[in-house]
Amino acid sequence: MKINKLFLSALAFMLFLSVSTTSFAQLQAPAPSPSAYVSQNVGFTKISIDYSSPAVKGRKVFGELEKYSVTWRAGANGPTIIEFSTGVNIAGKNLAAGKYTLFITPMESGDWTIHLNGKENAVFAYTKDGKIDEEAMAKDDAVAIKVAPIAAPFTFERLAYFISAENNKVASVTFMWADVMLSFEVDTQVDQKLEGFKGVF
């Protein structure tokens, strides 16, 4: 009887150690650049951005960490993805519903460029001889938006995107990180869609 109790106690202790060790092994430290997601319904369209959010960590971001005139992924880890549930118009170009990868080219002076890549490629897909082939990348732009950078009122420690519904027809998409803000408009073409519905009913 004593042997059975001793055996059962030892078995229970070993099982406890096994479960504890497995749980500890599965526990991971928080990601340095956590995943983030923002979405907003504007008119008939859902606009979503899926990205990872790096931190400044006391570094000079633009001009050093992210070099001027070099296109980067506008986030961290994987590609930054913007998705439209219906067709939209950006900078005078009609874009079909779907997903686009979003890149940014920071500049030391003048306008910066926001690229929406029509092939959903990562920016590193355009690496040639250790550098981004800017010309090849630009050929796959569904749209390239020239944007004047705005000095941020304070330092944004974490990169973030914000989508505002504005008049519920035209959305404003804003990028914020370090000491810079960039915004561009997305026309969800509400009036055109309403006209299209008239022909259906």
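Because the structure is a prediction, the values reported are computed rather than measured. (Residues numbered from 1 in each chain as written. Predicted model: local features only at pLDDT ≥ 70, side-chain atom pairs only at ≥ 80, totals over all residues. Heavy atoms only, no water.)

As for a nonpolar patch on the surface
No. 1: On the surface, a cluster of nonpolar side chains totalling about 270 Å² of accessible area is made up of Phe 44, Leu 194 and Phe 197.
No. 2: Of note, Phe 44 is situated in the loop between strand 1 (35-42) and strand 2 (45-52).
No. 3: Among the residues examined, Phe 44 registers a relative accessible area of 40% and is labelled partly exposed. (Patch = residues over 30% accessible without salt bridge, like charges linked within 9 Å, V, L, I, M, F, W, Y side chains within 5 Å. Areas by Shrake-Rupley, 256 points an atom, 1.4 Å probe, with all protein chains shown as cover. Salt bridge = Lys/Arg side-chain N within 4 Å of Asp/Glu carboxyl O. Helix = DSSP H or I, 4+ residues; strand = E, 2+ residues; numbered from the N terminus. Buried < 20%, exposed > 50% of the residue type's maximum accessible area, 1.4 Å probe, protein only.)

Some words on the packing of aromatic side chains
No. 1: Counted according to the given criterion, the structure contains 10 aromatic pairs.
No. 2: Taking the centre distance of 6.1 Å and the plane angle of 85° together, the rings of Phe 62 and Trp 177 count as edge-to-face. Remark: Trp 177 occurs in strand 12 (residues 170-187) and Phe 62 occurs in the loop between strand 2 and strand 3 (81-84); sequence separation between them is 115 residues. Both residues of the pair, Phe 62 and Trp 177, belong to the buried class.
No. 3: Ring plane angle 75° and centroid distance 6.3 Å describe the contact between Trp 72 and Phe 175, whose orientation is recorded as edge-to-face. Of the two residues, Trp 72 is situated in the loop between strand 2 and strand 3 and Phe 175 in strand 12; the sequence distance between them amounts to 103 residues. (Phe/Tyr/Trp six-rings, centres within 6.5 Å; stacked < 30°, edge-to-face > 60°.)

Here we look at the environment of Glu 157
No. 1: On the secondary structure map, Glu 157 appears in strand 11 (residues 150-164).
No. 2: Separated by 102 residues in the primary sequence, Glu 157 and Ala 55 have C-alpha atoms spaced 5.4 Å apart.
No. 3: What Glu 157 contacts, discounting residues up to four positions off in sequence, is Pro 54, Ala 55, Val 56, Lys 57 and Trp 177. (Contact = heavy atoms within 4.5 Å.)

Description of the confidence of the model for the protein chain
A low pLDDT score tells you not to read the predicted coordinates there in detail.
No. 1: For the protein chain, per-residue confidence averages 90 on the pLDDT scale, and 85% of positions sit at 70 or higher.
No. 2: Under a pLDDT of 50 for its full length, residues 19-25 has, in the predicted model, zero contacts with residues more than four places off or in other chains. (pLDDT = per-residue confidence, 0-100.)

Considerations on the pattern of salt bridges
No. 1: Using the criterion set out here, one finds two salt bridges in the structure.
No. 2: Here Asp 140 ties to Lys 119 by a salt bridge, and the two come within 3.5 Å at their closest N and O atoms. On the criterion of sequence distance, the pair formed by Asp 140 in the loop between helix 2 (134-139) and strand 10 (141-147) and Lys 119 in the loop between strand 7 (112-117) and strand 8 (127-128) is long-range, its members being 21 residues apart.
No. 3: Of the residues examined, Asp 140 reaches a relative accessible area of 17% and is grouped as buried.
No. 4: A salt bridge links Lys 169 to Asp 191; the shortest N-O distance between them is 3.1 Å. Of this pair, Lys 169 sits in the loop between strand 11 and strand 12 while Asp 191 sits in helix 3 (residues 190-200); the two residues are 22 residues apart in sequence, bridging distant segments of the chain.

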